[in-house]
Amino acid sequence: MKTTLSLLATSLMIAGCASLAPDYQRPTAPVVQAWPSETGGTSAHAGDAVADRTWQQFFTDERLRELIGQALEHNRDLRVAALNIERARALYRIEQADRLPTVSVVSGIAVHRTPGSLTASGAAETKRRYDVAAGISGYELDFFGRVRSLNEAALQEFLATEQARDSAQISLVAEVANAYLTLAADREHQRLARETLDNQRNAHALIQRLVESGVASQIDLRRSQTTVDTARADLARYTAQAAQAENALALLAGGSIHPSLLPDSLAPVALLDTLPVGVPSQVLQRRPDIRSAEHRLQAAHAQIGAARAAYFPSITLTASGGVASGALSELFKSGSGAWAFVPLVTLPIFDSGRRRAAVEVAEAERGILLAEYEGAVQRAFREVADGLAVRSTLGQQLEAGESLVAATADIFRLSEIRFRQGEQSYLEVLDAQREMYAAQQGLIAVQLTRLANQVSLYKALGGGWS
C-alpha cells in the first residue's frame, strides 16, 4: 500500500512538466498609431481611458440612467450572456479537474460457481470474494502537456465568454440610450407636427373667411388644405414611430416602463460631452470584443499543444489499495491487505495521418482566429474613426441648422404679413411655411445625430462596462 502511494506521488510530481503549445505573442495591431483627426491628418488625443468611465458617469440624465439600470437587471439577452459565463466556468472546472486524479472507494462481492467437470474434486464449487479498496482509475500522467493544454484552452474560452458578456453590456447600454434618444426625437417631431397642424388649421380657417369675402381664391383655399393634410399625415406618422420607439425601449429594459421615465423632447437629455481619445493600440485593447477575440486566439494556441502531444506516448495509471477476503467476517483481519498497480503506456505508431491532420486543423483554427482578431481591431478602429469624423462636423451642422430655422421663421412671418396686406399670393406663404417646417425637422435630426454620435463614440472607445 505504501509502495503504491509513493509511486503515485512521484508520478504526480513529474507529470505536467512540459507543454508543446507554441509561445503566444500578441499580434501587432493592423492599424496606424493615431486616429484620423477631426480636422484632417492624424492625431492622438491624450487623456484617461474612456473604458475607465462607467456609464453612470457618462450619462448624466437621471431618467436615462434609471432606464439603463433597469435594462441591465432585466434584459434577457444580457441574462443569457451571464449564464454563458457560468457555463464556461463550469466547463473550465471540468477540464481543470482532469489534471488531478479522481480517488474513489469501491466495495463489492464477487461470486463464482465452477461446475464439477472443471474442478479437481469433481464436485461443483462456489467461491466468494469480498473487496473494499480505494484507488484511481485511468489517470493520465501529463508528461507532454496534453491535459495542461486542454486546461489552458478551457480557461481562455472562459475568459473570452466573460469578455463577451462585457461587450454585450456595452451594446445594451448604447442600445437603450439610442432608443431613448430616438423616442425623444420622435416625440419632438410629434409635438412639432401637432403645432404645425394647429397653425395650419387656423390659417385654413382664415383663408376660408377671405374666400367668402372675395379677397382670396379657391386655389388658395385648396393649397391651404394641402398643408393641413400634410401636417395630419406627419402627426400620424410620428405618433406611430413614437409608439414603436417606446416598445423597443420597453423590450430593451426587460419590462414595462413608468411614464415618468420617458422623454418628451431632446432638449433636457444630457450626456458627458468631453470624451478623451487615446492612442489606438492602447484604446482598442480595452474593448471587450477585442479582448474576447484575443482570448480565443490564445485558446487556439493551447489546442495546438494538445494536438502535438498526441505524437508522444500517453501513460495512464490505475491503482488501488484495500482489503480482500473470501469471507465477509475475515475482511478486515490481519493479512487481508490487497493492492494493485497497473501502468499503461500507449505508443502511437500508425494512424493513417490522423494526428498530423489534427495538428493541421488546430493550426488552421489559429489562423482563422488570428484573422478574426485582426478584423475585430480594424472594425473597432473604423468605428472610432467614423465617430470622430462625424463629431468634427456636428457643431457646424447644429449652428447652421439653428440659423436656418431662425431665417425661415422670419421669412414665414414676413410672408404672412405681405399676404394679409395683399402684396403677394398665398403660394409664397405656403412655400415659406414648408421651408420653415423642413428646417425645424432638420434641426431635430441634427440634435439627435449629435447625441447619438456621443453614444456611439463612447461605445466604440470601449466605455460603459466597468
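Above this note sits the structure.
The residue count restarts for each chain, going from 1 along the sequence in the order it is written. Per-residue local features of the predicted model are confined to residues with pLDDT of at least 70, and side-chain atom pairs are confined, for both listing and counting, to 80 or more; whole-chain, interface and lining totals are unaffected and use all residues. Heavy atoms from the whole structure form the basis of all side-chain values; hydrogens and water molecules are not counted.

Caption draft 1: How the structure looks around the packing of helix H3 (residues 62-74) against helix H5 (residues 146-212). Fitting a line to C-alpha atoms yields each axis, with helices limited to the stretch in contact; the angle taken between N-to-C directions then spans 0 to 180 degrees. Helix and strand definitions here come from DSSP, where helices need a minimum of 4 consecutive H or I residues and strands a minimum of 2 consecutive E residues; each element is numbered from the N-terminal end. For the pair H3 and H5, interaxial distance at closest approach is 10 Å and the crossing angle is 135 degrees. The pairing of H3 with H5 is recorded here as oblique in orientation. As H3 packs across H5, the resulting crossing turns out to be right-handed. On the side of H3, the interface is formed by Arg-63, Leu-64, Leu-67, Ile-68, Ala-71 and Leu-72, while H5 contributes Gln-169, Leu-172, Val-173, Val-176, Ala-177 and Tyr-180. Put simply, Ala, Val, Leu, Ile, Met, Phe, Trp, Tyr, Cys and Pro go in the nonpolar bin, Asp, Glu, Lys and Arg in the charged bin, and everything else, Gly too, in the polar bin. Within the contact of H3 with H5, the residues separate by chemical class into ten nonpolar, one polar and one charged. By definition in this entry, angles of less than 35 degrees are roughly parallel, angles greater than 145 are roughly antiparallel, angles of 65 to 115 are roughly perpendicular, and the rest are oblique. Helix crossings get a hand from a simple test, with the near helix turned counterclockwise from the far one by less than a right angle marking a left-handed crossing and a clockwise turn marking a right-handed one. Between two residues, a contact is recorded if the distance between any of their heavy atoms is within 4.5 Å.

Caption draft 2: Molecular detail of helix H4 (residues 76-97). Multiply 1.5 Å by the residue count of a helix minus one, and that product is the helix's expected span. Along its 22 residues, H4 runs 32 Å from first to last C-alpha, staying within 8% of the 32 Å computed at 1.5 Å per residue. Three labels apply to residues, based on accessible area from a 1.4 Å probe with only protein chains included: buried if under 20% of the type maximum, exposed if over 50%, partly exposed otherwise in between. Listing the buried residues of H4 in full gives Leu-78, Ala-81, Ile-85, Ala-88 and Tyr-92. Mapping the buried residues of H4 onto a view down its axis gives an arc of 70 degrees, with all of them on the same face. Looking at H4, the residues exposed on the side facing more than 90 degrees away from the buried face are Leu-83, Arg-87 and Ile-94. In this structure, the buried residues of H4 make contact with H3 and H5. In this context, the arc is that of the directions from the helix axis out to the C-beta atoms.

Caption draft 3: View of the pattern of salt bridges. Salt-bridge detection follows one rule: a side-chain nitrogen of Lys or Arg within 4 Å of a carboxyl oxygen of Asp or Glu. All chains considered together, the criterion is met by 19 salt bridges. The salt bridge involving Glu-157 is made with Arg-296; its shortest N-O contact spans 2.6 Å. Of the two residues, Glu-157 is situated in helix H5 and Arg-296 in helix H8 (residues 288-309); the sequence distance between them amounts to 139 residues. Of the residues examined, Arg-296 reaches a relative accessible area of 29% and is grouped as partly exposed. The salt bridge partner of Glu-188 is Arg-191, with a shortest N-O separation of 3.7 Å. Of this pair, Glu-188 and Arg-191 both sit in helix H5, three residues apart, roughly one helical turn. When its relative accessible area of 10% is taken as the criterion, Glu-188 is described as buried. One network of salt bridges, with partners in common, ties together Arg-187, Glu-246 and Asp-264.

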